[in-house]
Amino acid sequence: MSELEIFNQTDEEIDELETVKSVLNYAIKKEKLENVIFNVIIVDNNYIHVLNRDYRHIDRETDVITFALEDEKDMVVPDGERVLGDIYISIDKAKSQAKEYGHSLLRELTFLAVHGFYHLLGYDHMTKEEEEIMFSKQEEVLHECNIER
């Protein structure tokens, strides 16, 4: 059984988080994963700016940042479990991007969460080929969950 927790570290009430969790649970099943553990943490721009600066050495806020624990070679986990890591999402960036792209906050939050999920699984978008694979997977999950632009 997989464990997915969503933590809202802001003062805002975010009604969309239950749907975000459902979509991520769908993505877990779609990828045929079992016994995965990861977290989604909702933060503000100031918090994610510090994370981005301290861990990626990019001195600005970002929309989503992941810490993939499977990238750590010394990571020891119980047999049969995969501790994937953490996905941090800036609610401030999600709101501004939803407005900029002309879609709902739900669409933006689920996109960022699914994007982070695939990063935790080792997908990336550094090359055109990698981007096509990762973005195709993301869009398929969102479409199948009726999360449209």
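Calculation rules
Residues numbered from 1 in each chain as written. Predicted model: local features only at pLDDT ≥ 70, side-chain atom pairs only at ≥ 80, totals over all residues. Heavy atoms only, no water. Patch = residues over 30% accessible without salt bridge, like charges linked within 9 Å, V, L, I, M, F, W, Y side chains within 5 Å. Areas by Shrake-Rupley, 256 points an atom, 1.4 Å probe, with all protein chains shown as cover. Salt bridge = Lys/Arg side-chain N within 4 Å of Asp/Glu carboxyl O. Lys, Arg positive; Asp, Glu negative; His and termini not counted. Charge placed at Lys NZ, Arg CZ, Asp CG, Glu CD. Helix = DSSP H or I, 4+ residues; strand = E, 2+ residues; numbered from the N terminus. Buried < 20%, exposed > 50% of the residue type's maximum accessible area, 1.4 Å probe, protein only. Pairing = 2+ DSSP bridges. Right-handed = clockwise from strand over helix to strand, strands pointing away. Phe/Tyr/Trp six-rings, centres within 6.5 Å; stacked < 30°, edge-to-face > 60°. Axes fitted to C-alpha atoms, helices over the stretch in contact; angles between N-to-C directions. Parallel < 35°, antiparallel > 145°, perpendicular 65-115°, else oblique. Left-handed = near helix turned anticlockwise from the far one by under 90°. Contact = heavy atoms within 4.5 Å. Nonpolar A, V, L, I, M, F, W, Y, C, P; charged D, E, K, R; others polar.

1. Describing a negative patch on the surface
Taken together, the side chains of Glu129, Glu130, Glu131 and Glu132 make up a negatively charged region of the molecular surface. With respect to the helices and strands, Glu131 occurs in helix α5 (residues 128-144).

2. Focus: the pairing of strand β2 (residues 36-43)
The buried fraction of β2 amounts to seven of the eight residues, a majority that puts the element mostly inside the structure. Pairing of strand β1 (residues 3-8) with β2 involves six bridges; the strand directions are parallel. Each bridged residue has a counterpart across the sheet, and for Asn8 the counterpart in β2 is Ile42. Handedness of the crossover is the feature at issue here: the chain leaves β1, passes through helix α1 (residues 17-30), returns alongside β2, and the resulting connection is left-handed.

3. A few points about the packing of aromatic side chains
By convention here, two paired aromatic rings are described through the distance between centres and the angle between planes. Evaluated as defined, the whole model comprises seven aromatic pairs. Relative to Tyr88, the ring of Tyr47 lies with its centre 6.0 Å away and its plane at 20°, an arrangement referred to as stacked. Pair noted here: Tyr47 is in helix α2 (residues 45-56) and Tyr88 is in strand β4 (residues 82-90), with a separation of 41 residues, a long-range link. Looking at Tyr88, the relative accessible area reads 13%, which means it is buried. Plain terms: the ring middles of Tyr118 and Tyr123 are 5.5 Å apart, the flat faces sit at 80° to each other, and that makes the pair edge-to-face. Taken together, the aromatic side chains of Phe38, Phe117, Tyr118 and Tyr123 make up a single cluster linked through ring pairs.

4. A word on the packing of helix α3 (residues 91-101) against helix α4 (residues 105-120)
Close contact between α3 and α4 brings their axes to 8 Å; oriented N to C, the two are set at 120°. Taken as axis vectors, α3 and α4 run oblique relative to one another. When the axes of α3 and α4 are compared, the crossing they make is right-handed. For the pair formed by α3 and α4, the contact residues are Ile91, Ala94, Lys95, Gln97, Ala98 and Tyr101 on the first element and Leu105, Glu108, Leu109 and Leu112 on the second. Residue composition of the contact of α3 with α4, grouped by class: seven nonpolar, one polar and two charged.

5. A look at the sheet that holds β4
Reading across the sheet, the four strands line up as β1-β2-β4-β3 and stay open at both edges, with mixed pairing between neighbours. Among the strands making up the open sheet, the edge pair consists of β1 and β3 (64-68). With direction set aside, neighbouring strand axes in the sheet form an average angle of 15°. In the sheet, β2 pairs with β4 via eight bridges, with the strands oriented parallel. The partner of Val40 across the bridge, within β4, is Ile87. Contacts from α2 reach β2, β3 and β4, with the element oriented near 50° to β3.

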